[in-house]
Amino acid sequence: MASHSFKRSATLVVAGALAAGAFATTAAPASADPINIPGVGTFDIPGVSLPTLPVIPGVTDTGSLAPLAQAAPAAPISTIGEQAVRAAESKLGSPYVYGAAGPDAFDCSGLIQWAYKQAGLNIPRTSYDQAAAGVAVAQSDLRVGDVISFYGGSHSGIYAGNGNVIHASTAGQPVKVAPVSSMPYDGARRF
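What this report covers is the structure whose coordinates are included nearby. Not measured: the values here are computed from a predicted model.

## Topic: the nonpolar core
Piece 1. The biggest cluster of nonpolar side chains holds 18 residues, and the ones touching the most others in it are L111, Y116, I158 and I166.
Piece 2. At the level of secondary structure, the elements contributing two or more residues to this core comprise α2 (80-89) and α3 (108-118).
Piece 3. If one sorts the elements of this core by residue count, α3 sits on top with five residues.
Piece 4. Excluding residues within four positions of it along the chain, Y116 makes contact with I80, G81, A84, L121, I123, G145, D146, V147, I158 and F191.
Piece 5. Grouped together as the second largest cluster of nonpolar side chains are nine residues, V137, L142, I148 and M183 included.

Structure representation (C-alpha cells):
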C-alpha cells in the first residue's frame, strides 16, 4: 500500500512539473515531442516541447524511493594540546624513571614530549627547553594541553583542565593528576 501511495505522490509531483513546464514553455508547431518521465512512462504532448525534467531527490528512475545517504557523524574537533592530554591520560599510573621518555616509563619532560609526539608535534626534550619554547601563556588563560613549568622550570606537566595537571613527579610516584596549585608555578607555554 505504501508503494502505491508513493507512486501516486511521484505521479502528482511529475504532473505538477509538467503543468509548470507547460506554462513556462511556448507552444511549438504542431509536432509532438515524446516526453519520458522516469518511473511513469513516455508521453506525446502535441505542441509542447519540454526541457529534461530535473531529478527528484529520493526517487529512482523507476519511481521507487532511493535509499537516502546517511551523513557520517562529524568527528569531534580537537587541538593538538587536547590530543596530547589524551595521550598523557593513557599513561596515568606508569612509573617515573629519570631520563625515560616512554612508552612505558617517564620522567616529567619525557612524558610531555611523548604525549605531544602522539599528537603529531615534536617539542623539546628537557623541562628547561620546554619552558623556553612555544608561546607564553598567562596562568589565567590556561587551556587544555598547555605545558606548565614548576620549581623555576626544573619540572613540567601538561594542563588537563579544571585546575589540574598531569605529570610524572618523582621516583616512587607514578604518572598522576595533581592540582596546579600543589606545586610552585613558574609559567606556561602553548604549542
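Once you've had a look at it, read on.
## Focus: the sheet that holds strand β8 (residues 185-190)
Piece 1. Strand order in this open sheet of six strands is β3-β8-β4-β5-β6-β7, and the pairing throughout is antiparallel. Each edge of the sheet is formed by a strand with only one pairing partner; in this case those strands are β3 (135-137) and β7 (176-179). When the angles between neighbouring strand axes are averaged without regard to direction, this sheet yields 40 degrees.
Piece 2. As defined by bridge partners, strand β4 (residues 147-150) adjoins β8 across four bridges and the pair is classed as antiparallel. Of the residues in β8, the one forming a bridge with F150 is Y185.
Piece 3. Lying over the sheet, α2 contacts β5 (155-161) and β6 (164-167), oriented at roughly 105 degrees with respect to β5.
Piece 4. Those strands touched by α3 are β4, β5 and β6, and its axis lies near 50 degrees from that of β5.

## Topic: α2
The periodicity of an α-helix, 3.6 residues per turn, causes residues three or four places apart in sequence to face the same way.
Piece 1. What α2 keeps buried is the set G81, A84, V85, A87 and A88. Taken around the axis of α2, the buried residues stretch over an arc of 160 degrees, which confines them to a single face.
Piece 2. The secondary structure elements touched by the buried residues of α2 are α3, β5 and β6.

## Topic: the pairing of β4
Piece 1. Residues V147 and S149 point to one face of β4 and I148 and F150 to the other, with burial holding for every one of them.
Piece 2. Relative to β5, β4 is paired through four bridges, and the arrangement is antiparallel. The residue of β5 that forms the bridge with S149 is S156.
Piece 3. Linking two consecutive strands that pair antiparallel, namely β4 and β5, is a turn of four residues; a positive phi of about 50 degrees is found at Y151 within it.

## Comments concerning the environment of N122
Piece 1. Summarising the element assignment, N122 is placed in the loop between α3 and α4 (127-132).
Piece 2. Overall, the relative accessible area of 63% leaves N122 in the exposed class.
Piece 3. Taking the C-alpha atoms as reference points, N122 and F191, 69 residues apart in sequence, are found 9.6 Å from one another.

About the thresholds
- Starting afresh in each chain, residues are numbered from 1 along the sequence in its written order.
- Where totals are concerned, whole chains, interfaces and linings use all residues; where local detail is concerned, this predicted model gives features only for residues with pLDDT of at least 70, and gives and counts side-chain atom pairs only at 80 or more.
- For the side-chain quantities, the full set of heavy atoms in the structure was used; hydrogens and water were omitted.
- Residues grouped as a nonpolar core are buried Ala, Val, Leu, Ile, Met, Phe, Trp, Tyr and Cys residues, joined through side-chain atoms within 4.5 Å.
- Buried, partly exposed and exposed residues are distinguished by accessible area as a fraction of the type maximum, computed with a 1.4 Å probe on protein chains only: under 20%, between the cut-offs, and over 50%, respectively.
- Put simply, DSSP H or I for four residues or longer makes a helix, DSSP E for two residues or longer makes a strand, and each gets a number counted from the N terminus.
- Contact between two residues is taken to exist if any of their heavy atoms lie within 4.5 Å; hydrogens are not considered.
- At least two DSSP bridges between two strands are needed for those strands to be called paired.
- Axes here refer to lines fitted to C-alpha atoms; in helices the fit is confined to the stretch in contact. Angles between the N-to-C directions go from 0 to 180 degrees.
- Working note: the arc is built from the helix axis to C-beta atom directions.

Fair warning: the whole summary comes from geometry, so function is off the table for now.
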